[in-house]
Structures are given as structure tokens and as C-alpha cells.
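# Structural features, examined
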Amino acid sequence: MKSLKNHLSVIFPLFVLLFSLQFSFLSNQIVKDYAKKLTEDYTIVVVAPKILSQAVIQSRVSGIKSIQEISSKNILDRLKGNISSKNISLLKIALPKFYSIKLQSFPNMTEIERIKQKLLKSGLVSKVETFSKTHDKIYRMFESLKNTAFVFSVFIVIISVLLMFKQMRIWLLEHKERMSIMTLFGAPFWMKSAVLYRLVIVDSFISTFLVGIVFVVLPQIDKINEFAKTMDVKIPQFDLIYDSVTLLGISLAFSLFIVSLVLRKMNKE
Amino acid sequence: MEHVIEAENLTLSYGRDEPVIIEANLKISPNEFVFITGKSGSGKSTLLKSMYGELVPRKGDLNICGVGIKNISGSKLNLLRRYLGIVFQDYRLINDWTVEKNVMLPLMIGGFSKGVCVKQAQKLLKHVKLIHKADKYPYELSGGEQQRVAMARALAHNPVMILADEPTGNLDEYSSEVIWDLLKNAKEHLGTTVVVVTHHIPSTLGIDYKHFFLESGVVYEVS
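One structure accompanies this document, and this report is about it. (Residues numbered from 1 in each chain as written. Chains lettered and ligands numbered in written order. Predicted model: local features only at pLDDT ≥ 70, side-chain atom pairs only at ≥ 80, totals over all residues.)

## Here we look at the interface of chain A and chain B
Contacts between the two partners involve nine residues from chain A, matched on the other side by twelve residues from chain B. At three residues, the largest contribution of residues to the side of chain A that touches chain B is made by helix α6 (residues 132–184) of chain A. Residues of the side of chain A that touches chain B, tallied by class, amount to six nonpolar, one polar and two charged. (Contact = placed C-beta atoms within 7 Å. Helix = DSSP H or I, 4+ residues; strand = E, 2+ residues; numbered from the N terminus. Nonpolar A, V, L, I, M, F, W, Y, C, P; charged D, E, K, R; others polar.)

## Notes on the nonpolar core
Residue and element names in this part refer to chain B. One finds Leu163 and Val195 to be the most contacted residues of the largest nonpolar core, which totals 68 residues. With six residues, helix α5 (residues 143–155) is the largest single contributor of residues to this core. Once residues within four sequence positions are removed from consideration, Leu163 is found in contact with Leu48, Met51, Tyr52, Leu84, Ile86 and Val195. (Core = buried A, V, L, I, M, F, W, Y, C linked by C-beta atoms within 7 Å. Buried ≥ 20, exposed ≤ 12 C-beta atoms within 10 Å, placed from the backbone.)

## Re the sheet that holds strand β7 (residues 161–165) of chain B
Residue and element names in this part refer to chain B. Read across the sheet, six strands follow the order β6-β7-β8-β3-β9-β10 without closing on themselves; strand pairing throughout is mixed. The strands lining the two open edges of the sheet, one partner per strand, are β6 (84–87) and β10 (218–222). This sheet shows a mean twist of 15° between the axes of neighbouring strands, independent of strand direction. Sheet topology places strand β3 (residues 33–38) next to strand β8 (residues 193–197); four bridges connect them, and they run parallel. From the neighbouring strand, Phe33 faces β8, where its bridge partner is Val194. Where helix α1 (residues 44–51) meets the sheet, it contacts β3, β7, β8 and β9 (210–215), and its direction lies at approximately 150° from that of β8. Contacting β6 and β7, α5 crosses the sheet at an angle of about 170° to β6. (Pairing = 2+ DSSP bridges. Axes fitted to C-alpha atoms, helices over the stretch in contact; angles between N-to-C directions.)

This is the structure in C-alpha cells:
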């Protein structure tokens, strides 16, 4: 019973820590995917008097991923009934070229303004439409989502670190007597500390396993998936090898560090 | 080795407080049975503590098994303690270890295999008449039984010297007899040096012993 209590008191803070870290990784991934999606959806429309080459415009303005010509066929087709075909042909030559520009990453307002000014100063385009008002709204939403996820993760990590340190104090009391008795019989440091090291190593594996289960099961729950769909995001899958090894590594490093701190303190006393 | 314990002008104190032991001189030879007596608060336990290195001399010298305690390093002290068997007044058993594992402790520290540790622990538990309680935990035993376990632990690794602090202090007649028999046997059959701090020297011990008496921090040898 006491042994189970000992294990639980280590597993709980470790679980909270790993859960918050994995949650933070997950939300970062969701935010990244969302930014990618927003970038794909966002376009700048430019009007150019002459044909634009992608290579030329990329050499003049950085951050541009691709350009695509917007066909003027639709506009001309609408005018066909009202204007003679000769005039249509003349209009076709006289009409400026329209292009949609895709960017490499999701820009903030300063970045949009910089691209706009560069495009205008390049002499290649006569007008730039950045749809900045709509973009600004989306960008602010995106930023607040990112910041909320970050603040939440930091908050949980702090709580779990505090929990671990509190646990450390309990260990200090619980193991002090045993270690002092062992010291009086000449036990070497490794032997006195073996119990604690064994405890945290085993509990690191258990905590990683439990967190793994939670994040494997989470994307399978219909309600969560529906919620994600309404938010237009996809919950990333838990990578059994990569994510498990990362979490186990963090858990071991963190718990072994804390135990070493405790033991150092005990040894000094 | 001529003396297992040799103290010269030994002064002991806790921190900067008044000295508890003042300029003590004592010599204990191998295989001697020694009693240290004195009133409560006379410094008996303090003197014993210095013998297993829990208290460092403030002045003078103290050699245990040829090792100077004054400036001893942590690793050397660890090594020295492996040759000692200590019995504490308050037993100091590890409460979340079974009785058997408690007795095995000095053997585990000595690096013996688990098989050897178990065999020796069981042998000693038979000696102290507690083999039937090998799987119990210390908190499930009476005071007398706990002290017998502590005695078995002190003897488990056949130490060069046993240092016992009031080993029969609060025990019933039966447990006291078992303890004295074990200490006597250790001296007679294993050649162990035995140093016992006590209020009363048992009249029925039936062996030669040396006697130091403490009064107001001064150690006198009683002839």
C-alpha cells in the first residue's frame, strides 16, 4: 500500500508534466498546420501593365512563393453582347494583367505592408490589393490562439514542476531516516540512492505510457473530432516511437535531475 | 593492532557548546568486553557516537581500528563503519523493510550475494529467537523484539567491534538475557571487541570486562 502511494506520488506530477508538454507540442502542431492552411488561402492580387515573370518578381520581392495569372476571359465574355468583336480584340490587348500572389509564410501586417511597398516600387505592378482588413482579423485570431496555447502550457508546466519540488520535500523526509541508518552502517552513496533512482525510472516509464494512451485515444473520440472540425483543424496523431521516446527522455531527465538534487541535499546534511 | 580504540586527550562537544567529554584517555584492546557507565547526561552516548564517527573530536585524538577519526574522509568513514556493529538505544530499524532485510543490511553493504545474506540473516534470527517473524515489519514487533533484531543486524557481518548504546535499556528480563548472551558469545567465539554503554552491569555475565565510568565529562577507568 505504502509502495503504491510512493509510486503514485511520483507518477502524478510526472503525468501532469508530460501531459502539458505533449499538449503544448500538439497545440503547436495544430497552430503550425493552421498557419499553413491560412497561408495557402491567402493571396495578394496585383495589376500589372505587362506580363509578369515569377522569377523576376521573386528576385525583386522576397517572401513570394508563386504567382498565377488571373484570366480576363470571364470579363471579356460578359462584354461580348455589347461590344463588337473587333473592339473586344482591342480591349483584350489594352486590358492590364491580373495576378494572384501566394506567399511563403503567413505574414503579419508589417510584412504585408513591406511586400506591398516593394511591389509598387518595383515598377512591375500598378496596383496591389492585400485584403489587409480581413487578413488583420484572421491574423489577430491566429495570434491569440497561439498565445493562449503557449500560456496554458507554461502554466501547467510550472504547476507540475512545483508539484515535483513539493514531492521532493516529502521524499526528503520519507527517505532521510532510511538513508541515515544506511550511512551509519557504511553504505556507499549509490546504494543509499538506488531506491529513489529505481522508483523514478520505473515511474517515468509508467507516466510516459499513461500519457501515450491518453494522446492515442484522444483523436479517436468523436466529440473531440467534431469540435476540431468546427474549428477547421485536424488533431495530429500520436507518433508511437518519436513522441514516446521524446516524452520518456524528458521524464527521465527531469525526474533524475530532481532526485539528484534531493540526494545532494541529503548528503550535505 | 595493539588497541582497537585509542583516545588521547579526547574532548567532545556539540558545535561550540560546552564540552561533554573532557580530555579523555582510554585504550581498548581487541577481544575486550568493555562497559561504559555513568549517570544520565554524563556523556556515555556521546563518547560512543565518536567511536563510530558520528561526532568528530573537538580536541585530542581518537583512533578506531588504527584509523584516525578527527580528519577522516567520508569514504574512509564508510569503510570503517563496515567493520563495526552498532546497536542503538532507539533500535534504528528501517520501518519499510522486513525484519529479515533489516538484518541483511550490513551484508548487503558488504557486497555479499543475496543467498549468503538470506542464509546469515536467518541464522541470526534463529539465535535471537525471531525466525518466525522474519517477514514482519519492525513496527509490528515489541520493543524487546526490535532490539533483538537490531542486535542480529549488528552481528550479521561478524564485525571487528560491537558498539552498543544501552542495548537492554527498556527490555524485559528475557530479551535482556538474549542480548547479553549474544554479546558474550560474540566476544568468546568470534573474538569481537564489545563496547557497551549501560546504567547497570549485569551481575550474572560471568566474563572478565573493563569498566570506564563517566562523571561530569571526565572518564575514569574502574579497576
